[in-house]
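Now for the letters of each chain:
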Amino acid sequence: MNRMFLSMALGLGLGAAYSLPAYSQAKPETLVKQRQAAMTLQGKYFGPMNAMAQGKIPYDAGVVTRNAGYLDALSRMPWDGFAPSTKGEKSAALPAVFTDAGKFKEAQDRFQAEVTKLASVAKGGDEASVKAQISTVNKQCAACHEDFREKR
Amino acid sequence: MLPNDRQPRHGGVVVFGLVVWMLAATASAQGDAQRGSYIAKAAGCVGCHTEAKEGAPAYAGGRALKTPFGTFYGPNITPDPQAGIGRWTEADFVRAMRHGERRDGSNYFPAFPYPSFTGMTDQDLRDLWAYLRSLPANSRANQPHDLGFPYGWRILVTPWKWMFFTPGPLAADPQLAPAVARGRYLVQALAHCGECHTPRNFLGGLRKDRFLAGGKGPDRKSVPNLTPTRLKKWSDGELKDFLTTGMYSDGDIPAEAMAEVIRNTTSQLTPQDLDAVIAYVRSLPPLPEEPKEK
């Protein structure tokens, strides 16, 4: 019995020891897939807010609060997926992502700050200021896509 | 281009008709600023002629356009007599737009898309001029272009024009359905879509055989193919939504270069004109994607 526990513990320990480095070194194609998933979902939750800001669909404060919260979380997720190991992968990322990493990081930070602001404005701000913040976020998306993403 | 067809056909109303005709003739001779403001939107003038910063005065110049030949700065086109075009006549304006010539007779660099604007009708030019005259004057001084040697020599644009520039209004094509013809005018002359969406040769001339087929834009960034090869995957509704909201159907956002064109131009078009633009791009010959250069 003791031997069994010992081997189980050893097995678990070894498993953890081996799986951790394996986990932290996700394959480049996996990182690309995951960062694209995070981007796709940002579109899903930003799209309706953008349509509301432009008056294309009726304004719904509940949906905006929820989506802005989702976006705040999602907007933090793609960036560690742009690891140097993914440089050679097929994706819409332009070489500038890797050759101008400092500028890319600044663009992420600007975007992140505006999304976080949107999440807080959405919690109790009036419709006009929420809409204004949505279009500010929109401009940050566009600005970063301009320099760092292949036109789709 | 006087509207002769407005002359009365029946003798009984000759005097009345003549008065109407004269009024119409006067109006068209002066240009209609109201109509011109729509022309300015369709032509997207404000983009290159306004600095890219928050609160910059519209049409007072300052936008940087980076190209392989250097950086161009859009000039002030408000009626300020020193900084802008306040001393210009309508003829000066038409000459600039139609022939790419400055008041001193030297060439404009084709960063100013006169190879497209040359196709505009006399009436649209006149109305646009009337609108520009109605803008508030702004004294923002122009910035000289920053061009690599020898591209700063305006004289070199003369042989360029021989090769790549055909002046004159867009010739009517009676084969085309009215909507397609209107779309062709909007896309080719006013909105000058081809200036970015048509690839250029090493001298900066548009490759006509690749019209709107995408590739590299004037700033060497990639631009999409607008022929049916790519757009057949888009429904009319998706295209319209994209061109009015600046958003793809999945919530994605285009790059700022197009986002700005959507804000300034395509979202401002009348529904009929937007339909016409779509009808026209649908009628283009499908061209394959430019091979990737890597």
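What counts, and at which threshold
Position labels on residues start from 1 in each chain and follow its written sequence. Chain letters and ligand numbers both follow the written order, the letters beginning at A and the numbers at 1. Restriction of local features to residues with pLDDT of at least 70 applies here, the model being predicted, together with a cutoff of 80 or more for giving and counting side-chain atom pairs; totals for whole chains, interfaces and linings are based on all residues. Two strands form a pair only when DSSP identifies at least two bridges running between them. The numbering of helices and of strands both runs from the N terminus, where a helix is a DSSP run of H or I of at least 4 residues and a strand a run of E of at least 2. Think of it as a crowd count around each C-beta: if 20 or more other C-beta atoms lie within 10 Å the residue is buried, if 12 or fewer it is exposed, and in between it is partly exposed, with C-beta placed from the backbone throughout. The contact criterion used here is simple: two residues whose C-beta atoms, placed from the backbone, lie within 7 Å are in contact. Domain start and stop points were drawn from an automatic or database domain assignment. Three classes are used, and their members are as follows: Ala, Val, Leu, Ile, Met, Phe, Trp, Tyr, Cys and Pro are nonpolar, Asp, Glu, Lys and Arg are charged, and the others, Gly among them, are polar. The length a helix should cover is 1.5 Å for every residue beyond the first. To get an axis, fit a line to the C-alpha atoms, keeping to the stretch in contact for a helix; angles then go from 0 to 180 degrees between the N-to-C directions. Angles below 35 degrees are treated as roughly parallel, those above 145 as roughly antiparallel, those between 65 and 115 as roughly perpendicular, and all remaining angles as oblique. Handedness of a crossing is defined here by the sense of rotation of the near helix relative to the far one, left-handed for an anticlockwise turn of less than a right angle and right-handed for a clockwise turn. Note that the arc is computed from the directions linking the helix axis to the C-beta atoms.

Residue-level account of the pairing of strand β1 (residues 64-67) of chain B, with values.
A regular strand carries its side chains on alternate faces of the sheet. Pairing analysis gives four bridges linking β1(B) to strand β2 (residues 70-73) of chain B, with the strands arranged antiparallel. When the sheet's bridge partners are listed, Lys66(B) is paired in β2(B) with Thr71(B).

Break down the environment of Gly86(B) for me, citing the residues and quoting the values.
Residue and element names in this part refer to chain B. For Gly86, the position within the fold is in the loop between β2 and α4 (90-99). On the basis of neighbour count, Gly86 is assigned to the partly exposed category, with 13 C-beta atoms found within 10 Å. Sequence-distant contacts of Gly86, defined by excluding residues within four places in its chain, comprise Pro79, Asp80, Pro81 and Ala137.

Describe in detail the domain arrangement of chain B, supporting the description with residues and values.
All names here are of chain B. Domain annotation of chain B identifies domain 1 (33-164) and domain 2 (178-283). Contacts between the two partners involve 20 residues from domain 1 and, on the opposite side, 21 residues from domain 2. Counting only elements with at least two residues in the side of domain 1 that touches domain 2, the list comes to α2 (33-43), α3 (45-48), β1, α5 (114-117) and α7 (157-164). With four residues, the single largest contributor to the side of domain 1 that touches domain 2 is α2. When the residues that make up the side of domain 1 that touches domain 2 are grouped by side-chain class, the tally is 13 nonpolar, five polar and two charged.

Explain the sheet that holds β1(B) to me, and be specific about the residues and the numbers.
All names here are of chain B. Here three strands make up an open sheet; going across it, the order is β1-β2-β3 and the pairing antiparallel. Strands at the two margins of the open sheet, each flanked by one partner only, are β1 and β3 (146-147). When β2 meets β3, the two strands line up antiparallel, connected through two bridges. Within β3, the position partnered with Gly70 by the bridge is Leu147.

Go over helix α13 (residues 271-283) of chain B with me, naming the residues and quoting the values.
Under the 1.5 Å per step criterion, the end-to-end length of α13(B) is 18 Å for 13 residues, consistent within 8% with the ideal 18 Å. Of the surrounding elements, those touching the buried residues of α13(B) are α8 (178-190), α10 (228-231) and α11 (236-245) of chain B.

For the packing of helix α3 (residues 61-74) of chain A against helix α5 (residues 101-122) of chain A, give the residues involved together with the corresponding values.
All names here are of chain A. Packing of α3 against α5 leaves a shortest axis separation of 8 Å and a crossing angle of 155°. Comparing the axis directions of α3 and α5 gives the class roughly antiparallel. Our pair here, α3 against α5, has a crossing hand that is left-handed. On the side of α3, the interface is formed by Val64, Thr65, Ala68, Gly69, Leu71 and Asp72, while α5 contributes Val115, Thr116, Leu118, Ala119 and Ala122. Residues belonging to the contact of α3 with α5 are distributed by class as follows: seven nonpolar, three polar and one charged.

Describe α3(A), with residues and values.
Residues and elements named next belong to chain A. Taking 1.5 Å per residue, 14 residues should reach 20 Å; α3 reaches 20 Å between its end C-alpha atoms and fits that length. Every buried residue of α3 is accounted for by Val64, Asn67, Ala68, Leu71 and Leu74. Viewed along the axis of α3, the buried residues span an arc of 125°, placing them on a single side of the element. The secondary structure elements touched by the buried residues of α3 are α2 (28-53), α5 and α6 (127-148).

Any chance you could break down unusual backbone geometry for me, citing the residues and the numbers?
Residue and element names in this part refer to chain B. For the peptide bond that leads from Phe149 to Pro150, omega is -5°, which places it in the cis range. Residue position: Pro150 is located in the loop between β3 and α7. Backbone geometry at Tyr59 places phi at a positive 70°, although glycine is not the residue there. Take Tyr59: it is sitting in the loop between α3 and β1. The backbone of His192 sits at a positive phi, close to 40°, despite the residue not being glycine. Here His192 shows up in the loop between α8 and α9 (194-197).

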